[in-house]
Amino acid sequence: MKVLAVDDERLALMSLTKAIEEAIPKAEIASFRNPKEALSYAKENRVDIAFLDVEMRGTDGLALAKELKEIYAGINIIFVTGFSEYALDALKMHASGYLEKPVSKEDIIDELNNLRNPLTDGAEQKKESRIRVQTFGNFDIFIENRPVSFKRARSKEILAYMVDKRGSNVSRPELASVLWEDAEYDRSLQKQLQIYISELMNCLREEGIEDIIIRSSGHMCVDPSKFSCDYYDFIEGDTRARSAYHGEYMSNYSWAEYTNGYLDNIIYQNM
């Protein structure tokens, strides 16, 4: 767990950092008196929780919180202050917590039990990172950095399309329209589609990752909780994912142009 602590008063920052260390002994804590330095750190390092003093010289904690949320939408913000009048502003920021100084170990533990954005423990993170889906550039899927090989290109394309849909159900007629565009969805086409779906599931089963696909009557979708994906990280505001995007998204598929434009627009709006 990575924790950010920001307070421009030296003694107050030391006290806050000590309380965090006592409450979360295994946390990686980055403490800053300068909000700009804290922001620079967050741009290079994923932060799970940020403890921010509200009143600081140069900028206030509310402004810093807004900038941190722009970098990573899932960050938990906990405001720390000696003044209670900022509580309403903190609520408007959708903060995870609001603590009055001096902060104790018990205060922090209580806030950790009531975070707005639940944290993923180390075991879950390791499991998710074992399967990695790459969408920037060409589409590929990796297991522990080894690329998965597909016998049929269309089977791989079916998986790519479901990844693009981010967990939304996809029907067989929809898949057929993607693979064959305006072709009639007749019995022959249905049989071909079934072959490609079966090949996809056999490939994933052989790799031991068939659970990334959820199947129901006439529909399929991916389970986004089973793998990491640069596209999903980008949508969540992850800085590293946004830095990795260079204007190319699933370049091997023409139907991906819509999402490509959507990502370009996000980059343009944040320039």
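Worth saying up front: this structure is predicted, and the values here are computed from it rather than measured.

Asks: Sorry, what's going on with the sheet that holds strand β4 (residues 76-81) here?
Replies: With parallel pairing, five strands are arranged side by side in an open sheet as β2-β1-β3-β4-β5. Of all the strands in the sheet, just β2 (28-32) and β5 (97-100) have a single pairing partner and so form its edges. The mean inter-strand angle of the sheet, taken between neighbouring strand axes irrespective of direction, is 15°. Where β4 meets β5, four bridges bridge the pair, whose relative direction is parallel. By the bridge assignment, Ile-78 is partnered in β5 with Gly-97.

Asks: Looking at this model, I keep getting lost on the nonpolar core. Mind explaining?
Replies: Within soluble globular proteins, side chains that are nonpolar generally end up buried alongside one another. Ranked by size, the top nonpolar core spans 47 residues in total, and within it Leu-159 and Val-163 carry the most contacts. Looking at this core, the elements with two or more residues in it are β6 (131-134), β7 (140-143), α7 (153-164), α8 (172-180), α9 (187-207), β11 (219-222), α10 (230-235) and α12 (257-269). In contact with Val-163, other than residues within four places in its own chain, are Val-133, Thr-135, Phe-139, Val-222, Phe-227, Cys-229, Tyr-231, Tyr-232 and Met-250. In terms of nonpolar packing, the next biggest core, distinct from the first, is built from 23 residues, Leu-39, Ala-42, Leu-64 and Tyr-72 among them.

Asks: I tried to follow the packing of aromatic side chains on my own but got confused; where do I start?
Replies: Describing an aromatic ring pair means giving the distance of the ring centres and the angle of the ring planes. One pass over the structure, following the stated rule, counts 10 aromatic pairs. Here Tyr-161 and Trp-255 contribute two aromatic rings whose centre-to-centre distance is 5.2 Å and whose plane-to-plane angle is 85°, an arrangement assigned as edge-to-face. Linking Tyr-161 in helix α7 with Trp-255 in the loop between α11 (239-244) and α12, this pair joins segments that are 94 residues apart in sequence. The pair Tyr-161 / Trp-255 is uniform in exposure class, with both members buried. What links up through ring pairs into an aromatic cluster is the set Phe-227, Tyr-231, Tyr-232 and Tyr-249. Lying over the aromatic face of Phe-142, Arg-132 brings its terminal NZ or CZ to 4.2 Å of the ring centre. The lysine or arginine in question, Arg-242, covers the ring of Phe-234, its NZ or CZ lying 4.9 Å from the ring centre.

Reading the values: rules and limits
- Within any chain, residue numbers begin from 1 and follow the written order of that chain's sequence.
- Selection of residues for local features in this predicted model requires a pLDDT of at least 70, selection of side-chain atom pairs for listing and counting requires 80 or more, and totals for whole chains, interfaces and linings are taken over all residues.
- Calculated side-chain values reflect all of the structure's heavy atoms, with hydrogen atoms and water omitted.
- At least two bridges found by DSSP between two strands are what make those strands a pair.
- Working definition: helices are DSSP H or I runs of at least four residues, strands are E runs of at least two. Numbering for both runs from the N terminus.
- Between N-to-C directions, angles cover 0 to 180 degrees, with each direction set by a line fitted to C-alpha atoms, over the stretch in contact for helices.
- Definition used in this section: a nonpolar core is a set of buried Ala, Val, Leu, Ile, Met, Phe, Trp, Tyr and Cys residues joined via side-chain atoms within 4.5 Å.
- Exposure is judged per residue with a 1.4 Å probe applied to protein chains only, and the accessible area is read against the type maximum: over 50% gives exposed, under 20% gives buried, and values in between give partly exposed.
- Pairs of residues are marked as contacts when any of their non-hydrogen atoms sit within 4.5 Å.
- Only centres within 6.5 Å qualify two rings of Phe, Tyr or Trp (six-membered ring in Trp) as a pair; their planes then separate them into stacked at under 30 degrees, edge-to-face at over 60, and tilted for everything else.
- Whether a charge sits over a ring depends on NZ of Lys or CZ of Arg being within 6 Å of the ring centre and within 35 degrees of the ring normal.

In short, the description is geometric, and any link to function would need to be established separately.
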